[in-house]
Amino acid sequence: MTETEPMLGVCYYPEHWPEREWASDAAAMLETGIGMVRIGEFAWSRIEPEPGRLEWGWLDRAIATLGAAGLAVVLGTPTATPPKWLVDREPGILPVGADGRVRGFGSRRHTSFSSKVWWQESRRIVTVLAARYGENAHVAGWQIDNEFGCHDTVLSYGPEDLEGFRQWLATRYGSIAALNRAWGSVFWSAELRDFDEVCLPNGAVTETAPAARLDFQRFASEQVVAYAAMQEEILRAHSPGRFVTHNFMGRFFDFDHFTMGRLLDFASWDSYPLGFTEQFPFAPDERADFIETAHPDMAAFHHDLYRAVGGGRFWIMEQQPGPVNWAPFNPVPKPGMVRLWTWEAFAHGAELVSYFRWRQCPFGQEQMHAGLHRPDRSRSAGGEEVLRVAAERKQVGTLPAASRAPVALVFDYESVWITRIQPQGADFDQYEICYRWYEAARRLGQDVDIVPPGASLAGYRAVLVPGLPYLSDAALRAFAATDAAMLIGPRSGSKSQTFAITDGLAAMLPVRVTQVASLRPGLAHPVSGGLTGAAIRWREWVETSGTPLACFADGSAAAVEAGARLYLAGWPDAALLADAMRHVLARAGLETIDLPAGVRLRRRGGLLFAFNYGPDSWAPPSPPKGALLLGGTPVAPQDFACWRLPG
Amino acid sequence: MTETEPMLGVCYYPEHWPEREWASDAAAMLETGIGMVRIGEFAWSRIEPEPGRLEWGWLDRAIATLGAAGLAVVLGTPTATPPKWLVDREPGILPVGADGRVRGFGSRRHTSFSSKVWWQESRRIVTVLAARYGENAHVAGWQIDNEFGCHDTVLSYGPEDLEGFRQWLATRYGSIAALNRAWGSVFWSAELRDFDEVCLPNGAVTETAPAARLDFQRFASEQVVAYAAMQEEILRAHSPGRFVTHNFMGRFFDFDHFTMGRLLDFASWDSYPLGFTEQFPFAPDERADFIETAHPDMAAFHHDLYRAVGGGRFWIMEQQPGPVNWAPFNPVPKPGMVRLWTWEAFAHGAELVSYFRWRQCPFGQEQMHAGLHRPDRSRSAGGEEVLRVAAERKQVGTLPAASRAPVALVFDYESVWITRIQPQGADFDQYEICYRWYEAARRLGQDVDIVPPGASLAGYRAVLVPGLPYLSDAALRAFAATDAAMLIGPRSGSKSQTFAITDGLAAMLPVRVTQVASLRPGLAHPVSGGLTGAAIRWREWVETSGTPLACFADGSAAAVEAGARLYLAGWPDAALLADAMRHVLARAGLETIDLPAGVRLRRRGGLLFAFNYGPDSWAPPSPPKGALLLGGTPVAPQDFACWRLPG
Amino acid sequence: MTETEPMLGVCYYPEHWPEREWASDAAAMLETGIGMVRIGEFAWSRIEPEPGRLEWGWLDRAIATLGAAGLAVVLGTPTATPPKWLVDREPGILPVGADGRVRGFGSRRHTSFSSKVWWQESRRIVTVLAARYGENAHVAGWQIDNEFGCHDTVLSYGPEDLEGFRQWLATRYGSIAALNRAWGSVFWSAELRDFDEVCLPNGAVTETAPAARLDFQRFASEQVVAYAAMQEEILRAHSPGRFVTHNFMGRFFDFDHFTMGRLLDFASWDSYPLGFTEQFPFAPDERADFIETAHPDMAAFHHDLYRAVGGGRFWIMEQQPGPVNWAPFNPVPKPGMVRLWTWEAFAHGAELVSYFRWRQCPFGQEQMHAGLHRPDRSRSAGGEEVLRVAAERKQVGTLPAASRAPVALVFDYESVWITRIQPQGADFDQYEICYRWYEAARRLGQDVDIVPPGASLAGYRAVLVPGLPYLSDAALRAFAATDAAMLIGPRSGSKSQTFAITDGLAAMLPVRVTQVASLRPGLAHPVSGGLTGAAIRWREWVETSGTPLACFADGSAAAVEAGARLYLAGWPDAALLADAMRHVLARAGLETIDLPAGVRLRRRGGLLFAFNYGPDSWAPPSPPKGALLLGGTPVAPQDFACWRLPG
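How each quantity is defined
Residues numbered from 1 in each chain as written. Chains lettered and ligands numbered in written order. Predicted model: local features only at pLDDT ≥ 70, side-chain atom pairs only at ≥ 80, totals over all residues. Heavy atoms only, no water. Contact = heavy atoms within 4.5 Å. Buried area = accessible area lost by both parts, 1.4 Å probe. Salt bridge = Lys/Arg side-chain N within 4 Å of Asp/Glu carboxyl O. Least-squares fit on C-alpha atoms with pLDDT ≥ 70 in both. Helix = DSSP H or I, 4+ residues; strand = E, 2+ residues; numbered from the N terminus. Buried < 20%, exposed > 50% of the residue type's maximum accessible area, 1.4 Å probe, protein only. Polar contact = N/O pair within 3.5 Å; in protein donor to acceptor, adjacent residues only side chain to side chain. Nonpolar A, V, L, I, M, F, W, Y, C, P; charged D, E, K, R; others polar. Phe/Tyr/Trp six-rings, centres within 6.5 Å; stacked < 30°, edge-to-face > 60°. Axes fitted to C-alpha atoms, helices over the stretch in contact; angles between N-to-C directions. Left-handed = near helix turned anticlockwise from the far one by under 90°. Pairing = 2+ DSSP bridges. Expected span 1.5 Å × (residues − 1). Parallel < 35°, antiparallel > 145°, perpendicular 65-115°, else oblique.

## A look at the interface of chain C and chain B
Turning to step 1, where the next piece is worked out: Contacts between the two partners involve 45 residues from chain C and, on the opposite side, 56 residues from chain B.
Turning to step 2, where the next piece is worked out: When the two sides are added together, the surface that chain C and chain B hide from each other amounts to roughly 4200 Å², 55% of it contributed by carbon and sulfur.
Turning to step 3, where the next piece is worked out: The largest contributions to the chain C side of the interface with chain B come from C:Trp188, C:Val205 and C:Arg520, which together make up 20% of the buried area.
Turning to step 4, where the next piece is worked out: The interface formed by chain C and chain B contains four salt bridges.

## Re the relation of the copies chain C and chain B
What relates the two chain copies is a rotation about an axis together with a slide along it.
Turning to step 1, where the next piece is worked out: The two copies are related by a screw operation: chain C maps onto chain B through 120° of rotation and 0.1 Å of translation along the axis, at an RMSD of 0.0 Å. Such a combination of rotation and displacement between the chain copies is what one expects of a three-fold axis.

## So, the pattern of salt bridges
Oppositely charged side chains are able to pair whenever their charged atoms sit close together.
Turning to step 1, where the next piece is worked out: Using the criterion set out here, one finds 144 salt bridges over all chains in the structure.
Turning to step 2, where the next piece is worked out: For the salt bridge of B:Arg377 with B:Glu21, the shortest nitrogen-to-oxygen distance reads 2.5 Å. Highlighted residues: B:Arg377 in the loop between β9 (352-355) and α14 (381-396) and B:Glu21 in the loop between β1 (7-11) and α1 (22-32), separated in sequence by 356 residues.
Turning to step 3, where the next piece is worked out: For B:Arg377, a relative accessible area of 34% translates into the label partly exposed.
Turning to step 4, where the next piece is worked out: A relative accessible area of 17% places B:Glu21 in the buried class.
Turning to step 5, where the next piece is worked out: A salt bridge links B:Glu41 to B:Arg38; its shortest N-O distance comes to 2.7 Å.
Turning to step 6, where the next piece is worked out: Where salt bridges share partners, they join A:Glu50, A:Arg53, A:Glu55, B:Arg193 and B:Glu197 into one cluster.

## Considering the interface of chain B and chain A
Turning to step 1, where the next piece is worked out: Taken together, the contacts link 45 residues of chain B with 56 residues of chain A.
Turning to step 2, where the next piece is worked out: In total, about 4200 Å² of surface goes out of reach between chain B and chain A, with carbon and sulfur atoms giving 56% of it.
Turning to step 3, where the next piece is worked out: By the criterion of area lost to chain A, the three top residues of chain B are B:Trp188, B:Val205 and B:Arg520, representing 19% of everything that side buries.
Turning to step 4, where the next piece is worked out: The interface formed by chain B and chain A holds four salt bridges in total.
Turning to step 5, where the next piece is worked out: Between A:Glu278 and B:Arg520 there is a salt bridge, with the nearest N and O atoms lying 2.9 Å from each other.
Turning to step 6, where the next piece is worked out: There are 25 residue pairs in polar contact (both at pLDDT 80 or more) connecting chain B and chain A.
Turning to step 7, where the next piece is worked out: Elements supplying a minimum of two residues to the side of chain B that touches chain A: β14 (511-518) and β16 (533-544) of chain B.
Turning to step 8, where the next piece is worked out: Ranked by residues supplied to the side of chain B that touches chain A, first place goes to β14(B) with six residues.
Turning to step 9, where the next piece is worked out: For the side of chain B that touches chain A, the class distribution of residues is 23 nonpolar, 13 polar and nine charged.

## A short note on the packing of aromatic side chains
Turning to step 1, where the next piece is worked out: The full count for this structure, using the stated rule, is 153 aromatic pairs over all chains.
Turning to step 2, where the next piece is worked out: When the centroid spacing of 6.0 Å and the interplanar angle of 85° are considered together, the rings of A:Phe301 and A:Phe411 count as edge-to-face. Taken together, the positions of A:Phe301 in helix α12 (residues 298-309) and A:Phe411 in the loop between β10 (407-410) and α15 (413-421) put the pair 110 residues apart, joining distant regions of the chain.
Turning to step 3, where the next piece is worked out: Exposure remark for A:Phe301: the relative accessible area of 0% places this residue in the buried category.
Turning to step 4, where the next piece is worked out: For A:Phe411, a relative accessible area of 0% gives the class buried.
Turning to step 5, where the next piece is worked out: Relative to C:Tyr413, the ring of C:Phe258 lies with its centre 5.5 Å away and its plane at 75°, an arrangement referred to as edge-to-face. Here C:Tyr413 lies in helix α15 (residues 413-421) and C:Phe258 lies in helix α9 (residues 257-261), a separation of 155 residues in the sequence.

## Quick notes on the packing of helix α1 (residues 22-32) of chain C against helix α3 (residues 57-68) of chain C
Residue and element names in this part refer to chain C.
Turning to step 1, where the next piece is worked out: Where α1 contacts α3, the two axes come as close as 9 Å, and the packing angle between them is 35°. Relative to α3, α1 is oriented so that their crossing is right-handed. Contacts between α1 and α3 involve Trp 22, Ala 23, Ala 26 and Met 29 on the former and, on the latter, Trp 58, Arg 61, Ala 62, Thr 65 and Leu 66.

## Observations regarding the sheet that holds strand β9 (residues 352-355) of chain C
Residues and elements named next belong to chain C.
Turning to step 1, where the next piece is worked out: The nine strands are arranged β5-β4-β3-β2-β1-β9-β8-β7-β6 in an open sheet whose pairing can be described as parallel. For this open sheet the edge positions go to β5 (243-245) and β6 (247-249), each flanked by a neighbour on one side alone. With strand direction ignored, the average angle separating the axes of adjacent strands in the sheet is 25°.
Turning to step 2, where the next piece is worked out: Seen against the sheet, helix α13 (residues 337-347) touches β1 (7-11), β8 (314-319) and β9 and runs at an angle of roughly 150° to β9.
Turning to step 3, where the next piece is worked out: Those strands touched by helix α14 (residues 381-396) are β1 and β9, and its axis lies near 155° from that of β1.

## Section: the pairing of strand β10 (residues 407-410) of chain B
Residues and elements named next belong to chain B.
Turning to step 1, where the next piece is worked out: Neither face of β10 is left uncovered, since the one carrying Val 407 and Leu 409 and the one carrying Ala 408 and Val 410 both have all their residues buried.
Turning to step 2, where the next piece is worked out: Note: β10 against strand β11 (residues 448-451), four bridges, orientation parallel. Of the residues in β11, the one forming a bridge with Ala 408 is Asp 449.
Turning to step 3, where the next piece is worked out: Relative to strand β12 (residues 462-465), β10 runs parallel, the two being bridged by three bridges. Each bridged residue has a counterpart across the sheet, and for Val 407 the counterpart in β12 is Ala 462.

## Points about helix α8 (residues 210-238) of chain C
Turning to step 1, where the next piece is worked out: Relative to the 42 Å expected for 29 residues at 1.5 Å per residue, α8(C) spans 42 Å between its end C-alpha atoms, a close match to the ideal helical length.
Turning to step 2, where the next piece is worked out: Most of α8(C) sits inside the fold, with 21 of its 29 residues counted as buried.

## Here we look at the sheet that holds strand β21 (residues 599-604) of chain A
Within a beta sheet, neighbouring strands are joined by backbone hydrogen bonds and run either parallel or antiparallel to one another.
Residue and element names in this part refer to chain A.
Turning to step 1, where the next piece is worked out: Taking strand neighbours across the sheet as the criterion, the four strands line up as β21-β22-β24-β23 in an open arrangement whose pairing is antiparallel. In this open sheet, the two strands that pair with only one neighbour each are β21 and β23 (627-630). On average, adjacent strands in this sheet sit at an angle of 25° to one another, irrespective of strand direction.
Turning to step 2, where the next piece is worked out: Two elements, β23 and strand β24 (residues 639-644), share three bridges in a ladder whose sense is antiparallel. Along β24, the bridge assignment pairs Ala 627 with Arg 644.
Turning to step 3, where the next piece is worked out: Across the sheet, helix α14 (residues 381-396) touches β23 and β24, and the angle it forms with β23 is around 145°.

## Describing the environment of B:Ala23
Turning to step 1, where the next piece is worked out: Looking at the element boundaries, B:Ala23 is found in helix α1.
Turning to step 2, where the next piece is worked out: Residues B:Ala23 and B:Ala64, spaced 41 residues apart in sequence, show a C-alpha to C-alpha distance of 9.7 Å.

## Re the packing of helix α5 (residues 116-133) of chain B against helix α8 (residues 210-238) of chain B
Residues and elements named next belong to chain B.
Turning to step 1, where the next piece is worked out: The N-to-C vectors of α5 and α8 enclose an angle of 25°; their axes lie 9 Å apart at closest approach. Overall, the two elements α5 and α8 adopt an arrangement that is roughly parallel. Judged by the sense of rotation from one axis to the other, the crossing of α5 with α8 is right-handed. In contact with Trp 118, Trp 119, Ser 122, Arg 123, Val 126, Thr 127, Ala 130 and Ala 131 of α5, α8 contributes Gln 223, Ala 226, Tyr 227, Met 230, Gln 231, Ile 234, Leu 235 and His 238.
Turning to step 2, where the next piece is worked out: Here the residues of the contact of α5 with α8 sort into 10 nonpolar, five polar and one charged.

Here it is in C-alpha cells:
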C-alpha cells in the first residue's frame with residue numbers, strides 16, 4: 001500500500017438514460033469530485049442485441065463522452081447477465097439448484113461455471129469487448145464480471161457440474177481408491193469403483209460425506225477462480241497497461257477470495273454496511289444503536305480483508321449511498337454516515353471509493369436502491385455528503401502509505417466451509433467468530449490486518465487465530481516463524497485436509513482436546529481464574545502440559561498458555577473475549593484503550609482517525625498528540641476526526 | 001342497498017346424506033328460520049360419475065325436496081372439483097406451482113385458468129347444469145364456482161400459462177419494444193426480441209422484474225374474471241331472472257374482486273372471523289382478548305368491502321357457526337358470537353346470512369368444521385344461536401336501507417400486489433395498513449364505506465387513502481371531485497402503471513418524497529407537534545410547500561396538511577394513527593366517540609347497533625336517543641344492542 | 001422378563017480399522033466387561049464390492065477374531081446401505097420424497113420398501129450372509145437392517161409405491177365403492193371408479209383426504225414389517241437357535257413397532273437421551289436443568305415402550321456414550337450420566353446395554369459422535385464410566401425378574417398418525433401427551449408399563465389412556481376386562497377405523513363430546529372443583545351422565561368420573577395432570593410420593609432404584625427399608641442408589 005490521493009468514483013449505466021443526458025451527467029460527476037466511472041457490466045443485451053450482431057456505437061459514444069469530460073472509465077465484462085436469446089439457444093448454461101431444479105432466466109448470474117458452452121460464450125464476448133476497448137485512451141481498467149457467486153451461484157448441481165467434479169477428483173486423487181480413503185467411503189458403504197460413480201453431494205436421504213462436500217466446495221471455488229483467470233488473460237492480452245480487478249461482494253465466502261485476488265492488480269469490494277448489518281445475527285440490544293449507522297466493524301472488517309485479498313491495494317467499487325433494496329429492512333443511513341463510511345475506507349487504505357450509483361434507477365429490480373441522485377435528477381442526501389467528502393479530500397491532500405498493523409487476524413475461506421458443512425452446534429459460524437475477535441481487538445483501539453493462513457506474520461506483535469480447523473503446513477510454517485503473542489480459538493487443528501479428525505492442534509501448542517460440546521442458546525459454561533467470563537455455543541475439554549490460565553467450574557482448563565500462545569477452549573462470550581484479548585495484547589506489549597461500543601480508531605501512516613458510530617459524543621481520554629486535520633473533539637455521533645500525529 | 005328483511009340461509013350437501021333424510025332436513029331448516037339453501041358446488045363426481053354419463057336423478061330429487069319444503073335453492077357450479085377421470089384424461093388442466101411442480105388431484109381447485117381444455121370442460125358442465133335447472137322454479141340463483149383462487153390457485157406456472165401470458169402481453173403492448181420499455185428490460189440485460197422470448201417470473205436465480213411480476217398478476221386476475229364471465233354468460237342464457245353471485249373468500253387479494261363484482265347481481269363472501277383472526281399478525285397483547293370472539297373489525301371490514309364489490313348488495317354465503325378446521329389453532333367461539341356475527345352482518349347491510357354448514361360432515365378434509373348440527377344430527381351450540389337470531393329477526397322485521405357512510409376508505413387490489421412484489425420492508429402489507437386505518441376510524445365510532453379507487457366519492461365527508469402506490473387517472477379524477485377531508489398514507493403515488501418510480505403524489509398534494517426507510521421491528525421514529533406518536537415499519541422524508549402538522553425528531557415533516565388533505569409520511573403507530581384520524585374527522589365535521597378496544601358502532605338507516613367483542617360490559621357514555629329494539633345497556637360482552645333512532 | 005445378569009455390549013466396525021488392531025480391540029472389550037459386539041450392518045460395499053463378487057475373507061476373520069476373544073457377535077444385515085453400483089444398476093430402488101423428488105445415493109436408507117427389485121436384492125444379500133454365518137459358533141444372533149424408517153424413509157412416493165398402495169387397497173376394500181365409502185370420497189368429488197385411479201396423497205393443491213392418508217401410513221407400516229419378516233424368515237431358516245432382533249430408533253413412530261416386535265426374539269432400541277431431549281419441545285425453564293443430563297423420563301419412557309415391543313425382553317443396542325453429532329446442539333453428558341443411563345436401562349429390564357460405538361470414527365458423517373474411545377485409541381470419559389459400570393455389575397450379580405408394574409399406559413402408533421394427519425391444533429402431538437402422562441405418573445413415584453391397545457390389562461391397578469382417537473374392538477375388550485382405575489385423555493374414541501367422526505367414547509364411559517377447541521399458546525381454560533389447573537392446547541365441551549369431578553369456568557365438565565374411570569376433557573396443564581394422576585392413583589390404592597423434577601424411582605423385582613437427573617442431592621423422605629446395594633443417600637446429582645427391598 002502506497003501513498004495515495006483519495007479518489008472518488010461512481011457506477012453509471014449510460015444504457016439506462018437518454019444519450020442526450022450523458023454529457024451533462026459526466027460534467028456533473030467531475031463537479032462532484034468524481035474521477036472514475038464504472039460502466040458496462042450488465043449491458044450484454046445492448047452490446048449484442050441479436051446473436052452475433054454487435055452494437056458498439058452507443059458504447060463508443062458513452063466512453064467518448066465520459067472520457068472527454070475527464071473521467072477514467074472502468075469497463076465491466078457483461079458476463080453476469082447473458083441475454084435471453086443466448087439462454088434460449090443454449091439452455092445448458094443455466095445453473096441447477098441443490099433441489100435439482102434449473103435456475104432460469106429473469107434476473108442475473110443464470111449460468112453454471114461448469115458449462116463448456118458458457119466458457120465459450122464468455123470468451124467470445126470478453127474477447128470482442130477487450131479487442132474493441134483494450135487500448136481506448138479513456139479506459140483505465142477492467143472489472144471482471146460482477147460479484148462472483150452472488151445469489152448462491154458458486155455451487156451448481158447439473159450434469160456438467162457432475163462431469164467437471166469427476167474430472168477434478170480424478171486429477172486430485174489419481175485413483176478411486178485414494179478418493180475412497182480420503183472421503184472415508186467405507187463409512188455407510190459409500191465406496192466407489194470408479195470416478196464415474198461419483199455423484200454430487202445433494203439430494204441424498206440425509207447428510208452426505210463431509211469430505212465429499214468440502215471437495216465439492218473446493219472444486220467449485222477453483223472453477224470460479226479459473227473462470228476469472230480466463231477473462232483476465234483475455235483482458236491482459238488486449239489491454240496492455242490497464243488494471244484488472246473484480247468487485248467482490250461483502251459477507252460472501254463461497255469461494256476463496258485470496259486465490260482470486262492473486263489474479264488482480266488490486267481487489268475491489270461492494271460495501272453495503274447497513275444491509276450487511278441487517279443480515280448479521282446481532283443480539284437485539286447490541287443491534288439497537290447501529291440499525292441506521294451500521295455496526296462499527298462491518299465495513300472495517302471487509303476493508304482489512306480486501307486489502308489482504310488485493311495484496312495491499314483495494315477499492316470500494318460500490319459504496320452504499322443511502323438505503324438499499326435487498327435486505328429484509330432497509331433503513332436510511334443517519335446523516336453523516338455516507339461521509340463517515342467514505343473516510344473510513346480511506347483510513348483503511350482504500351485508494352478509491354466509488355458509489356453505487358450515480359442516479360437511482362426508476363425501473364427494474366433495484367429501483368428502491370438509492371443513488372447520489374434521485375430518479376428526477378435532484379441530488380440525494382447521500383449525494384450531498386459526497387460533495388462534502390470531495391471538499392475535504394482537497395483539504396487533506398495525499399494520504400500516507402499505511403504501515404503494517406501491529407495485530408494480524410488469520411481468516412480462511414476453507415474454515416468457513418468446514419464449519420458450515422459440520423457446524424456441530426447450529427449457531428457455530430466461522431465468519432461470526434472471526435468478526436467477534438476483530439471487534440474485540442478494535443474495541444481495545446487496535447489496527448488489525450487480516451491475513452490468509454500461510455501468509456508471513458513477520459512484523460506482527462499479536463496474531464489472532466479465531467479458528468483454523470485445518471492447519472495446513474504453510475499455516476504452521478508461518479506460525480512457527482513468528483514469536484508474536486498469539487490467541488488461538490476453538491476447533492483449531494481439529495481436521496485433516498480430507499475432513500477427518502486429527503490432532504493438528506498439537507503442532508501449535510501442547511493441548512489435546514478430549515471432548516467438545518455445543519451449547520444451546522442460554523447455556524453457558526462459566527470461566528474463572530486469570531480470565532473471567534464464560535464459554536457459549538462451544539466448549540472443549542482439554543489435556544495440556546501448558547499453563548491453564550483460567551478454568552471451567554469443573555476444573556478443566558478454559559484458557560491454556562504455552563509460551564507466547566494462548567488457547568481458548570471454547571467460544572468466548574464478550575467478557576471472556578475482552579479479557580483474553582487484553583491479556584494477549586499486553587503480552588505483545590501493545591497499548592490498549594477501552595473504546596465505547598460505537599467508537600473505533602484507525603491509523604494510516606502518520607494519520608490517526610477516530611470514527612464515531614455511536615449515539616453519544618466521544619472525547620478521547622487523553623487528546624491525541626498532533627494536529628487536527630478534519631473534525632474536532634469531542635467527536636460527534638456519525639462524525640469522525642483525523643489527526644496528523646507528530647514524527 | 002335497499003330495505004330488506006334479514007334472511008337466513010345454509011349450505012347443504014344432499015350427496016353427503018341418505019336421501020331418506022333430505023325431507024326432514026329441509027323441514028328442520030324451515031323451522032330454524034332458514035329460507036335459502038346452497039347446494040351442488042362440489043358435486044361433479046355425482047353429477048357426472050363417468051365421462052358423459054350425467055346422473056341428474058339425485059339432484060332433481062334433492063332440489064324438488066328442498067323446494068317443496070319452501071326453500072329457495074342456490075345452485076353452485078361444480079368447477080372447483082373436477083373428478084379424477086377428467087384429470088386422468090386431461091392432465092394438462094392441472095396447475096403448476098411457482099416451484100415448477102404440477103399440483104395434483106386429491107383436494108380441490110386443481111386446475112389452471114389458462115388451460116383451454118379446462119375452459120371447454122367448464123363450459124360443458126356449466127351448460128348442462130344450467131340447461132337442466134335454469135328455469136327450475138326452486139332455483140333462485142347461482143353461485144359460480146367456489147372461492148376463486150383459494151389455496152393459492154390464481155397464479156399457475158405451466159406451459160399454457162406462459163402461452164396465455166405471452167398473448168396477453170402481445171395484446172397489451174403491441175410491440176416487444178413497448179414491453180421492454182414498460183418492464184425496464186434494459187436493466188440486467190433482460191431485453192427480449194419477441195413475445196416468444198417472454199418467460200414466467202418464477203424460478204430465476206434471484207428476484208425478477210417487478211413490472212413483469214405485476215403484469216403476470218394482472219394477467220392472472222383478468223383470467224379469473226374472464227373465466228367467471230364465461231360461466232356467468234352461460235348461466236344468464238339458460239336461467240333468466242335468476243341471480244348470479246360468487247362466494248369470495250375473506251382475507252384474499254390475489255385477483256381483483258371489484259372487477260369480478262361487476263358481473264354479479266350481488267357479492268357474497270365467506271365469513272370465518274376466528275380463522276381470519278388467527279391468521280392476522282396481531283400483537284400478542286391485542287390478540288389476547290379476541291382469540292375466541294374474533295377481532296372486532298375482522299368481519300366488518302369484509303362486510304364493507306364486499307358491499308362495495310357487490311355494488312351495494314351482499315350476502316354472507318358461508319358464516320362460521322363454530323370452530324373451523326383450517327387455521328393453525330381453531331378455538332370455539334364464545335357463547336353469543338354466532339348470533340353477534342349474524343346481526344353485525346345485517347347491520348352492515350347483508351341481505352342474507354347463510355351458515356356453513358347445515359350439519360358437520362363426519363368424513364373428509366373438513367370433518368372438524370362445525371355445522372349448525374353435529375354429525376349425530378343434534379343441534380350444535382351455533383345452531384342454538386341461530387334459533388335465537390331467527391326469533392329476533394321476526395321481532396325486528398324489515399331493516400331499513402343503509403345510507404352512505406360519512407367516511408370512505410379506498411381499497412385497491414393492485415396496491416396489495418405492488419407492495420407484495422416490492423415490500424421494501426419485510427412487514428409492509430397493504431391489506432394490513434388498510435385494516436388498521438379502518439379500525440382506527442371505527443374505534444372513533446365511524447361507519448365506513450370501502451370503495452375502489454376511481455369510484456365516486458360524492459357524499460363522503462372524509463376519505464381515507466391508506467396507500468395507493470399507483471394513482472390511476474380515474475383515481476385522481478375522483479379525488480379531485482371531492483372536497484372531503486382526506487387522510488393519505490405513505491407510498492401513495494410512488495409508482496407508475498408499469499411499476500416505475502414516479503412523482504404521482506404531487507397530483508394529490510404538494511409533497512415530494514425524497515427518501516424512504518423501512519424500519520425493523522423495535523425501531524420507531526417519534527413524531528410530535530400537532531400530532532403525537534411515531535412512525536413504525538416505514539418512514540419517509542418529504543419536501544413540501546404544505547403545512548407540516550407534525551414533525552420527526554430531525555425536523556422533517558411527518559404529517560403535511562394542504563387544504564383538506566393530510567399526508568402521513570410513514571406507517572403510523574396506533575397513537576399517531578388515532579391522532580391523525582381524529583384530526584381528519586374533526587376537519588370533516590364528524591362527531592367522534594372513543595370506543596373501547598372491543599366495541600364498535602354501526603348504523604343502518606335509522607338503526608344504531610353497538611357490538612361488544614370485548615371482555616367488559618359497555619355502557620354508552622350518553623345513551624342513544626331512540627328506542628331499544630334488541631339488547632339493552634350496558635351491552636354485555638359478546639352481546640349487542642340495537643336502537644331505532646328518532647327521525 | 002426373566003432374571004438376568006446385566007450384560008454390556010458395543011457396536012464395532014472392523015472395516016473402519018486396520019485388521020492388525022482387531023485382536024487388541026477385542027481383548028480390550030473383554031477387559032472393559034463387554035461380552036457382545038454388533039458388527040456388519042453398514043458393510044455391504046465391503047461384503048460385495050462388485051456385483052456378485054462376495055468378499056467374505058475379512059468378515060470371516062473379524063468374526064473369528066472377536067469370537068476367539070470370547071465375544072458373542074451380533075451380525076447386522078447390511079440393507080440400510082446398498083452400494084453405489086447397485087443404485088446405478090437399479091435406480092428404481094431409490095425412494096421418492098413427498099415433494100416428488102427422488103432421494104439419491106450418498107448417505108443411507110436410500111431405498112423404497114415398495115421396490116420389487118429392492119426386495120430381490122435384499123433377499124439375495126441376506127441369504128448369502130445368513131448362509132455363510134448362520135451356524136457360525138460366534139454368531140449369537142442377528143440384527144435386521146438398522147433403524148427402520150430413520151430419516152423419514154417409511155413413506156415413499158414413487159411409481160412402485162403407488163402400485164403397491166393400489167394393490168394393498170384392492171385387498172383391503174375389495175371394491176372401489178367400499179373405498180369411496182371408507183374415504184368419504186363424495187367429499188370434494190374425490191370419487192374413484194377403479195383402484196387404478198387411486199393416487200398418492202402428496203402433491204395436491206391442499207390437504208388430501210385424512211382417511212386416504214391414514215391408509216397410506218398403514219400400508220407403509222405394514223410394508224416395513226413385511227420387509228422385516230422377509231429378512232427374519234431367511235435368517236431363521238439359515239441360523240437355527242440364534243436370536244433375531246432389530247434396533248429401533250427412539251422418538252420414532254412412523255411404523256407400528258408393536259407389530260414388528262412380534263417377529264423378534266426381543267426388541268432393541270437406540271438410546272440417545274441428550275439428542276432426544278434436544279428434539280423434544282420442552283419449555284425453556286423445564287429444559288434448563290436437563291440439557292446435559294437428558295430429561296429424566298426420556299430414556300425410561302422408551303425402555304418401558306420397547307420392553308412391551310419385545311414382549312417383555314429388550315436390549316439397548318446403541319447407548320449414547322458422550323456427545324452425538326446429529327442434534328441441533330450436542331452437549332457433553334454431565335459426569336456420571338453414561339453410568340446412570342446404563343443402570344437405569346437395567347432397572348427397567350434391559351438384558352444388555354450396548355454402546356455406540358467402541359471407538360469414535362475419525363471420518364465420515366458421524367465423526368463427531370463420541371465412542372468409548374477417541375479416534376486416537378485413548379479411553380473417552382464415557383469409556384471410563386463403563387469401566388465403573390462393569391465393576392458394579394459384578395458387585396450386583398444377577399438382577400431379579402421385573403414384576404408387572406402397577407400402572408399401565410396405553411400407547412398406540414395409529415393414534416400418533418391420526419393426530420399428525422389431523423392435529424386440529426398446531427401443537428397437538430400424541431407422543432407428547434403420552435410422554436407427559438408417563439412423566440406425571442413417575443413424578444408420583446410409579447413404575448409404568450407401556451402397552452399397546454388391546455393388550456391384556458390384567459394385574460394393573462391403574463390404566464392411563466392419554467388418548468386413543470380410534471378405539472378398536474380389541475382395545476375396548478381389554479378395557480372392559482379390567483376394573484383398574486383409569487384415566488382417559490381427550491379425543492379418545494373420536495374417530496372410526498376409516499377416520500370418520502364417531503361417538504366411540506360412549507363405549508368407555510357416559511361422555512359425549514359436543515364441541516372441541518384447540519387453544520393457541522397463552523390461552524388456557526381454568527379448571528376448578530375436585531381437580532385444579534387448566535386445559536391448554538385442547539379443550540372439549542361434554543355432556544355426561546357421569547359425575548363431573550371438576551369444571552371449567554363456564555360450568556362445563558372438565559373431568560368426568562364414571563365408576564373407576566376418569567375422563568379429562570382437555571389437554572391438562574402440569575397442575576391439572578398432577579391432580580388427576582393423584583386422584584386416579586389414590587383410587588387405585590397406590591401409594592404415591594412427590595418426587596422432585598429430576599428424581600425418578602424404578603423397581604425391578606426386589607430392587608428399588610432412585611435416579612437423580614436433577615441439580616440437587618435427593619434424600620428420600622423416609623429411607624427405603626432394605627439394604628443399599630449401590631450408591632448412598634442422599635443421592636447426589638447424576639448419581640443413583642439401589643436398595644434390595646426386604647422380602
